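Summary of structural features
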Amino acid sequence: MEAVTRRKLSAEDIEGVYLEDNVVVAAGQFTVRAPRMYFDLERNKAILLEAVMYAFDIRRKIPLYVRAEVMRQTAATSFEAEQALLTTS
């Protein structure tokens, strides 16, 4: 049986974080919920599966929901979605 080598990890060693089961991201004017998410710490980008994003249109005074099979956060306030549906309910 081979010996296991142990070493301590520091924050700099972590390149990304995988989250599962009721992931909620709330930042400023939007909230995103998804059962699974991967966040790339080096690129500051995320990918969420089966995501629902909520925001509120202040000018029109209506809620906005985006449901998508795949949602990618490409910048702090920029998202792309695949197989998406935009609705107010």
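Below: a short report on this structure.

What counts and what doesn't
- Residues numbered from 1 in each chain as written.
- Predicted model: local features only at pLDDT ≥ 70, side-chain atom pairs only at ≥ 80, totals over all residues.
- Heavy atoms only, no water.
- Patch = residues over 30% accessible without salt bridge, like charges linked within 9 Å, V, L, I, M, F, W, Y side chains within 5 Å.
- Areas by Shrake-Rupley, 256 points an atom, 1.4 Å probe, with all protein chains shown as cover.
- Salt bridge = Lys/Arg side-chain N within 4 Å of Asp/Glu carboxyl O.
- Buried < 20%, exposed > 50% of the residue type's maximum accessible area, 1.4 Å probe, protein only.
- Helix = DSSP H or I, 4+ residues; strand = E, 2+ residues; numbered from the N terminus.
- Polar contact = N/O pair within 3.5 Å; in protein donor to acceptor, adjacent residues only side chain to side chain.
- Contact = heavy atoms within 4.5 Å.
- Pairing = 2+ DSSP bridges.
- Axes fitted to C-alpha atoms, helices over the stretch in contact; angles between N-to-C directions.
- Core = buried A, V, L, I, M, F, W, Y, C linked by side-chain atoms within 4.5 Å.

Here we come to a nonpolar patch on the surface. Where nonpolar side chains cluster on the molecular surface, the patch consists of Ile-14, Val-17, Leu-19 and Leu-41 and spans about 290 Å² of accessible area. With a relative accessible area of 42%, Ile-14 lands in the partly exposed category.

Turning our eyes to something else, we now look at the side chain of Gln-73. Along the chain, Gln-73 turns up in strand β4 (residues 62-75). Assessed through its relative accessible area of 15%, Gln-73 is described here as buried. A polar contact is formed between the side chain of Gln-73 and the backbone oxygen of Ala-75, at a distance of 3.2 Å. The residues contacting Gln-73, other than those within four sequence positions of it, are Phe-39, Lys-45, Ala-46, Ser-78 and Phe-79.

Moving on to the sheet that holds β4. Across the sheet, which stays open at both edges, the 5 strands sit in the order β1-β2-β3-β4-β5 with antiparallel pairing between neighbours. Strands at the two margins of the open sheet, each flanked by one partner only, are β1 (16-27) and β5 (78-87). Strand-to-strand twist across the sheet, computed as the mean angle between neighbouring axes with direction ignored, equals 25 degrees.

In this sheet, strand β2 (residues 30-40) lies alongside β1 in antiparallel orientation, the contact comprising 10 bridges. Within the sheet, the bridge partner assigned to Glu-20 lies in β2 and is Arg-36. The hairpin turn running from β1 into β2, its antiparallel successor, is 2 residues long, and Gly-28 in that turn takes a positive phi close to 65 degrees.

Quick look at the pairing of β5 now. Bridging between β4 and β5 involves 9 bridges; their strand directions are antiparallel. Within β5, the position partnered with Arg-72 by the bridge is Glu-80. The hairpin formed by β4 and β5 contains 2 residues between the paired strands.

Here the focus is the nonpolar core. Judged by nonpolar contacts, the single largest core of 13 residues is most densely connected at Val-32, Met-37, Leu-48, Ala-51 and Met-71. Among the elements of the structure, β2, β3 (45-57) and β4 are those that each provide at least two residues to this core.

Here the focus is the environment of Val-24. Along the polypeptide, Val-24 turns up in strand β1. A sequence separation of 12 residues divides Val-24 from Arg-36, and the C-alpha atoms of the two residues are 9.8 Å apart.

Taken by themselves, the reported measurements are silent on function.
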